[in-house]
Amino acid sequence: MNFKKISLILCVLFISASMFTIHSASADTTTNITFADVTKNHEAYEEINYLVNLGVIQGYFVNGKRVFAPNESVTREQVAKMVVVASGNKPLVVNKSSFSDVTAGTEMSGYIERAIQLGLFSTNTQGKFLPKKPITRDEMSYVLTKAFNLDTSEFENIDSPFSDVGITNPFVKYVNTIYYNGITNGTGDKYLPNNTVTRAHFSLFVARAKNEKYRLELPVKGTSVPDTKEVIGLVQVTTDGLNIRKTKDSSSEANIVGKVNKGGKLSVYQVEDNWLKVTYKGAYAYIYKDYAKFLDANGNELGTVQKEVTTKGAINLYVKATSSSKVISTIKGNVKLPVYNTVGGYYLTQVNGLPGYIVANSTTETEEQPNPNPNPTPTPPTASGDVLGRATVGNLNVRSEANTTSSVLFKLNKGDSVKVNEIKGYWANIEYNGKTGYVHKSFLKLLNQNGKPLQNRIIILDPGHGGKDPGTVMGSNSEKNITLKVSTLVKQKLENAGAKVYMTRTGDTYPTLQDRVDFTNANYGEIFVSVHVNSAANTSAQGTETYYAISTGDMYQEDIDLATFVNNQIVNNLNMKNRGVKEQQYYVIRNMIIPSILVELGFLTNDEDRNKMTNDQYVNLFADSIYNGILQYYKKQ
C-alpha cells in the first residue's frame, strides 16, 4: 500500500471511525496505552495517558497499530468530545440537530449538542458548527475557561502578557485566564491566537486544566498584576517597534522589556510627564507618550469636535460613560470643554490630553461668538534678513529670555517665517511682525538668504560603529571603515560650502549611542546624519534605504524631507536599488530633537553593492550624494 493510500485511510479513520474505549481497572489504577506515534519521551506522553484513563481520548488503529496522530490539528468536534468528557459531562441525545452540518444521532452530535448547551463554544456560523474545522488558539482559551469554570474576573480589561493579543481582542480575558492558571505560556512573548492547535498540545492543555498536577509554574500574580480598576484610558501606538520599558529610562537598552507595533492598543494607568504607565506581561511598564494617541473607552478614535460646553460647577471626568467607573480627575466650574460624542447622558470630552466622560446635564452649551470676518484673507508674515527661520512645529513658544523658564511672549504656528537676529547656543533671537523674543533653534529650520544655503549651518555626521564594534564585516572590508571614509569626504565637501561640521568620531574609536547624542547636543547640531552599511543573510538583498524616527511634535516632516533628498541622490547617482525612506526607532535618531536620519548605503553582503562601497570612485559618489541631499534640504524654503 502506497503512502497516499495510507494517509487517506488514516484521515478517514481519524475523522469518522468509532473510537476504541480503554477502561482502567479502577479509579486508582493507571493503564498506560502504547501508541505507535507517541514515545515515552514525548512531551505530552504522561498527559495523554492521563486522559486515556479518564476516557477522554482513545486513539485508533491503522494496519493493526494504535496511533494518536499527535501532530494533527484538533478539530472542533474532537474538542467538543474531549472537554465534555473531561469536565464530567455526558453527550446529549437529540432528535434534531442544532446545526445543518451535524447529523443527529451520530456519536459526535451528542457531544456537540452538550458542549453548546454548556456554553463551551462562543459562536457558530450561520447555523453551522463546522465540526471538521481545526480550532484556533484564541477559541481554545474560551473553551477551556468555560469547560473547567476558571475564574476570569481577575483578568478582565487588562493587557495580555502576549504582544499579539491586544486589550480589545474579544478573547483577551480568556487568554489571560489560561496563562495565569498555568495552562499555557505561549511562545516567547507571543500567543499566536490565530494558529491552530495540535492533538498533543490540546491534550496537554486539557490535562493541565483538569488536574493541577500537570500545570506549569504559575506566573507571579498579586502585586505584579496591576489593578484593572485603576485604568484611566486606552491608547493606540502610532509607530512600529515602540519600546516598552521597565522604568522611565530611555538611555538603557537593557531597560527594554518588549516592543509594540503601530496600531497596538494598551491600557494606561497613569500619565507621568512624557511617559505613559501601561502593563506588559502582568507588570507595570512604560512607553513614551509621543508615540501613542488616546482612544475612547470602546477603542475608537475621538473624531471631530461637535460642540463646546461649559461646566456649571465642579464635575468628575470618568473613564467610561457611567458614574460607577473610575474618576480620572475633577474639573472646576466655568471650564470650557470640547464634546466629541454623546453617550447616553454623558459627553465624551478631553481634559489635558486625557479623554473621558462627563455628565451632560452638568454643563451648558457654550454660545458661539460671532466672527466679524468669516472669510479672512490670510496675510503671511514677512521676514527679511540674512537668516530666516521657519517654524517646524506648531504652538511654538517665543520667550522673553533665552531659557525655558522665562515668560512666553507669543506663539508661532508651524510654517511661520521669522527673521533671525542672532544665535547663541541653542537659542535664536527672532523678530516676527515687529515683535522680538527667543526661540529654541531646534524648532526652526534656518534658511540663509545670501545665496549660500550651507554657510554657518551646524551639521553633525555620525560614522556608524567604530573601535571594538566593526559593524558588518566581509573579508577585509568592515562597516566601520567604510562609514568613516564616506563621512570624512562628506565633511570636506560641506566645509568647502561654508558649513560647520562635527563628526562623532574621526578615527577608529567607539562612542556609545548615548555619546553620539550627547556630542550632538554639546555642539548645538542643527541636523544629524548617521552613515551605515547594511547586511543580510540573503546575498541577493541590495540597495539603499534611509530611516527617520518620529520626533518632537510634527517635526518629523523635516526628517522625511532630509531622508528623501539624501536617499534619492544616492539611488540616482550610483544606480542603487531604491529600498525607500522608512520609519524606525533607532536610538541615535529617535533621541534627537533636530532633523535626524540614518542612511544605509548598501549591502556589504551583496557583491554589486560591496564593489561600489569599496571602490574609491564610487565612495566619492556616495559622499557627493549625501552632500547634495543635505544641500537640497537647505535649499527648500
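These lines cover the structure that appears in this document, whether it is placed above or below. (Residues numbered from 1 in each chain as written. Predicted model: local features only at pLDDT ≥ 70, side-chain atom pairs only at ≥ 80, totals over all residues. Heavy atoms only, no water.)

## With respect to the side chain of serine 478
Let me state the cut-off plainly: Numbered from the N terminus, helices here are DSSP runs of H or I no shorter than four residues, and strands are runs of E no shorter than two. When accessible area is computed with a 1.4 Å probe and restricted to protein chains, residues below 20% of their type maximum are described as buried, those above 50% as exposed, and intermediate ones as partly exposed. Within 3.5 Å is the distance limit for a polar contact, defined as a pair of N or O atoms, with the added protein rule that one can donate a hydrogen and the other accept it, and that residues adjacent in sequence qualify only through two side-chain atoms. Residue contacts are defined here by distance: any two heavy atoms, one from each residue, within 4.5 Å place the two residues in contact.
Structurally, the position occupied by serine 478 is in strand 28 (residues 477-478). Classification of serine 478 as buried rests on a relative accessible area of 7%. At 3.0 Å, the side chain of serine 478 and the side chain of asparagine 481 are in polar contact. Excluding its chain neighbours within four sequence positions, the residues that come into contact with serine 478 are Pro470, Thr472, Val473 and Leu604.

## Observations regarding the pairing of strand 23 (residues 427-432)
Rule in force here: Two strands are counted as paired when DSSP detects at least two bridges linking them.
Extensive coverage of strand 23 is indicated by the burial of five of its six residues. Here strand 22 (residues 417-424) runs beside strand 23; their pairing, made up of five bridges, is antiparallel. The residue of strand 23 that forms the bridge with lysine 424 is tryptophan 427. Counting the residues in the hairpin turn of strand 22 and strand 23 gives two residues, including glycine 425, whose phi is positive at 65°. Taken together, the six bridges between strand 23 and strand 24 (residues 435-440) define a ladder with antiparallel strand orientation. Across the sheet, residue glutamate 431 finds its bridge partner in strand 24, namely threonine 436. In this structure, the hairpin formed by strand 23 and strand 24 is closed by a connection of two residues, where asparagine 433 is found at a positive phi of approximately 50°.

## Some remarks on the pattern of salt bridges
Test applied: What makes a salt bridge here is a side-chain nitrogen of Lys or Arg within 4 Å of a carboxyl oxygen of Asp or Glu, nothing more.
A complete count under the given rule lists 20 salt bridges for this structure. A salt bridge links glutamate 139 to arginine 76; the nearest nitrogen and oxygen atoms lie 3.9 Å apart. With a gap of 63 residues between them, glutamate 139 in helix 5 (residues 137-147) and arginine 76 in helix 3 (residues 76-86) connect regions that are remote in the sequence. Overall, the relative accessible area of 6% leaves arginine 76 in the buried class. Note that glutamate 545 and arginine 579 form a salt bridge whose closest N and O atoms lie 2.9 Å from each other. Pair noted here: glutamate 545 is in strand 31 (residues 544-548) and arginine 579 is in strand 32 (residues 578-583), with a separation of 34 residues, a long-range link.

## Thoughts on the sheet that holds strand 14 (residues 336-339)
Here is the rule we go by: Simply put, an axis is a line fit to the C-alpha atoms, just over the touching stretch for a helix, and the angle between two N-to-C directions goes from 0 to 180 degrees.
The strand order across the open sheet built from three strands is 14-11-18, with neighbouring strands paired in antiparallel fashion. Strands at the two margins of the open sheet, each flanked by one partner only, are strand 14 and strand 18 (363-365). Across this sheet, the average inter-strand angle for adjacent strands is 40°, counted without regard to direction.

## Regarding the sheet that holds strand 10 (residues 292-295)
Pairing within the open sheet is antiparallel, and its three strands lie in the order 6-3-10. Only two strands of the sheet have a single neighbouring strand rather than two, namely strand 6 (265-268) and strand 10. For this sheet the average axis-to-axis angle between neighbouring strands, irrespective of direction, equals 35°. Here four bridges tie strand 3 (residues 233-237) to strand 6, and the two strands are oriented antiparallel to one another. If you follow glycine 233 over to strand 6, its bridge partner there is valine 268.

## Things to note about the packing of helix 3 against helix 5
What counts here: Should an angle fall under 35 degrees it is called roughly parallel, over 145 degrees roughly antiparallel, and 65 to 115 degrees roughly perpendicular, with every other angle called oblique. Left-handed is the label given to a crossing in which the near helix is rotated counterclockwise from the far helix by less than a right angle, and right-handed is the label when the rotation is clockwise. Polarity classes work like this: nonpolar for Ala, Val, Leu, Ile, Met, Phe, Trp, Tyr, Cys and Pro, charged for Asp, Glu, Lys and Arg, and polar for all others, with Gly in that last group.
Between helix 3 and helix 5, whose axes approach to 11 Å, the crossing angle comes to 20°. If you check the angle between helix 3 and helix 5, you find them roughly parallel. In this structure, the crossing between helix 3 and helix 5 has a hand that is right-handed. For the pair formed by helix 3 and helix 5, the contact residues are Arg76, Val79 and Val83 on the first element and Glu139, Val143, Leu144 and Ala147 on the second. Residue classes in the contact of helix 3 with helix 5 are distributed as five nonpolar, no polar and two charged.

## Re the nonpolar core
What counts here: Residues belong to a common nonpolar core when they are buried Ala, Val, Leu, Ile, Met, Phe, Trp, Tyr or Cys residues joined through side-chain atoms within 4.5 Å.
Counting residues in hydrophobic clusters, the biggest one holds 56 residues, and the most contacted among them are Phe121, Leu144 and Phe202. Of all the secondary structure elements, the ones that give two or more residues to this core are helix 2 (45-53), helix 3, helix 4 (107-117), helix 5, helix 6 (172-180) and helix 7 (199-210). The element best represented in this core is helix 7, accounting for seven residues. Those residues in contact with phenylalanine 202 that sit more than four places away from it in its chain are Val74, Val79, Met82, Val83, Met140, Leu144 and Val197. With 36 residues, the next largest nonpolar core counts Met503, Val566, Tyr627 and Ile630 among its residues.

## Observations concerning the pairing of strand 14
On strand 14, burial follows the alternation: Leu337 and Val339 on one face are buried, whereas Lys336 and Pro338 on the facing-out side are not. Where strand 11 (residues 307-311) lies against strand 14, four bridges are found, and the strand directions are antiparallel. Considered in strand 14, the bridge of threonine 310 is made with lysine 336.

## Side note on the packing of aromatic side chains
So the rule is basically this: Ring pairs shown here join Phe, Tyr and Trp side chains whose ring centres sit within 6.5 Å, with only the six-membered ring taken for Trp; geometry is labelled stacked below 30 degrees between planes, edge-to-face above 60, and tilted in between. A ring is scored as having a charge over it whenever the NZ atom of a lysine or the CZ atom of an arginine sits within 6 Å of its centre and within 35 degrees of its normal.
On inspection of all chains with the given rule, the structure shows 15 aromatic pairs. With centroids separated by 5.4 Å and ring planes inclined at 55°, the aromatic side chains of phenylalanine 99 and phenylalanine 129 adopt a geometry described as tilted. Here phenylalanine 99 is found in the loop between helix 3 and helix 4, whereas its partner phenylalanine 129 is found in the loop between helix 4 and helix 5, with 30 residues between them in sequence. Residue phenylalanine 129 is classed as buried on the basis of its relative accessible area of 1%. Grouped by ring-pair contacts, the aromatic residues Phe162, Tyr179, Tyr180 and Tyr191 constitute a single cluster. One Lys or Arg, lysine 445, reaches over the ring of tyrosine 633 and ends 3.8 Å from the middle of that ring.

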